[in-house]
Amino acid sequence: MNKICFMLLALVFASCASTEPEKRAAEGTYDGELNILMLADAGRNGSYDQRLNAEWMGVYADALGPEFVISCGDLFHYQGIQSTADPLLWSNFESIYTHGELQCPWYGVLGNHEYRGNTQAMMDYSEVSRRWNMPDRYYTLSVPLDDDEPDSERVRFLFIDTAPLIDKYRNDPAQYPDVQEVDPDAEVRWIDSVLRVSPERWKIVVGHHPMYTYDKKDDIEQENLRARLEEVFRRNGVDAYFCGHIHTFQHIRTGRDSIDYVVNTSASKQRAPQRGPLTQYAGEHSGFGLLSFDEGVMHYTLVNSRGELEYEIERRK
């Protein structure tokens, strides 16, 4: 009898413990009219913190009911994928993000590691997967805050292809052959043209490489992107640029405009961050982001691998 009682008590305690993360997520998270989860640099076949962060993503997705998930690139380390039947699609994606609320649409961009493989297969996988969406190397979405009211306030998302905008990748066709498929000047003209006529209140750009960051990686990458995109973003009223690549969390404001530059940490293997005079916040934990919109409000939260709400950004219009 005593053994049975102990077993029952253990089951009760286990049940109570299992509800605690859901309770924490529900109580502490900003829940908007439009909710999105965002991750970057996640593809490690479940190792490092990838599976842990995927579990936490499921917890927060259960609390928020996201409209979709955004991948800021490098979902498939180290050599990208070779075809739509590549085993990495299972080991890095399908078998990791299994929570029911993560079966919503996913929108991705190409990272430098995807460019070591077959980038066309990344787009072709959209025809295979029920949730993966990458209609082109760069593309755009206009999303209403209320699906039942299509004329409600909307958010314009631009998903851009950053590797072809950086000289080092274009100058290395042996390692990054698909970069030659993109005319960088044509992409920049497209970005400018979409932003220029966009009537949406919110304009959000998603890419892989940072435009501003403090890190040991080549500064020339950022300089190339800023030379091509910074003035385009400023004159067209971009609110935020979200990216990945450096495996730390960084939030930067330049003081020359109101754009929030956010490096969305790594959802698997993180690195120690550096800080500089433009740093608003830098974090060393792996994790993912929660991006929410209400009428006149944009809210971003960094969730770390402990499931903690580590940092928040709020913009109002």
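Residues numbered from 1 in each chain as written. Predicted model: local features only at pLDDT ≥ 70, side-chain atom pairs only at ≥ 80, totals over all residues. Heavy atoms only, no water.

1. What about the packing of aromatic side chains?
Next, step 1: The tally for this structure, following the rule as stated, stands at 22 aromatic pairs.
Next, step 2: With centroids separated by 6.4 Å and ring planes inclined at 50 degrees, the aromatic side chains of Trp56 and Tyr60 adopt a geometry described as tilted. Placement of both Trp56 and Tyr60 in helix α2 (residues 50–64) is noted, with a separation of four residues, approximately one turn of the helix.
Next, step 3: Look at Phe157 and Phe159: their rings are 6.2 Å apart centre to centre, the planes differ by 25 degrees, and that puts the pair in the stacked class. Residues Phe157 and Phe159 agree in their burial class; the two are buried.
Next, step 4: Its guanidinium or amino end placed over the ring of Phe93, Arg131 lies 4.5 Å from that ring's centre, counting from NZ or CZ.
Next, step 5: Directly above the aromatic system of Tyr212 lies the positively charged group of Arg226, at a separation of 4.5 Å from the ring centroid. (Phe/Tyr/Trp six-rings, centres within 6.5 Å; stacked < 30°, edge-to-face > 60°. Helix = DSSP H or I, 4+ residues; strand = E, 2+ residues; numbered from the N terminus. Buried < 20%, exposed > 50% of the residue type's maximum accessible area, 1.4 Å probe, protein only. Lys NZ or Arg CZ within 6 Å of the ring centre and 35° of its normal.)

2. As for the sheet that holds strand β7 (residues 202–206)
Next, step 1: In space, the seven strands of this open sheet follow the order β5-β6-β7-β8-β10-β9-β11, with mixed pairing throughout. Of all strands in the sheet, those with a lone pairing partner are β5 (139–144) and β11 (279–283), marking the two edges. Pairwise comparison of adjacent strand axes, ignoring direction, gives a mean angle of 15 degrees for this sheet.
Next, step 2: Bridge count for β5 against strand β6 (residues 154–159) is six bridges, and the pairing is antiparallel. By the bridge assignment, Thr140 is partnered in β6 with Leu158. (Pairing = 2+ DSSP bridges. Axes fitted to C-alpha atoms, helices over the stretch in contact; angles between N-to-C directions.)

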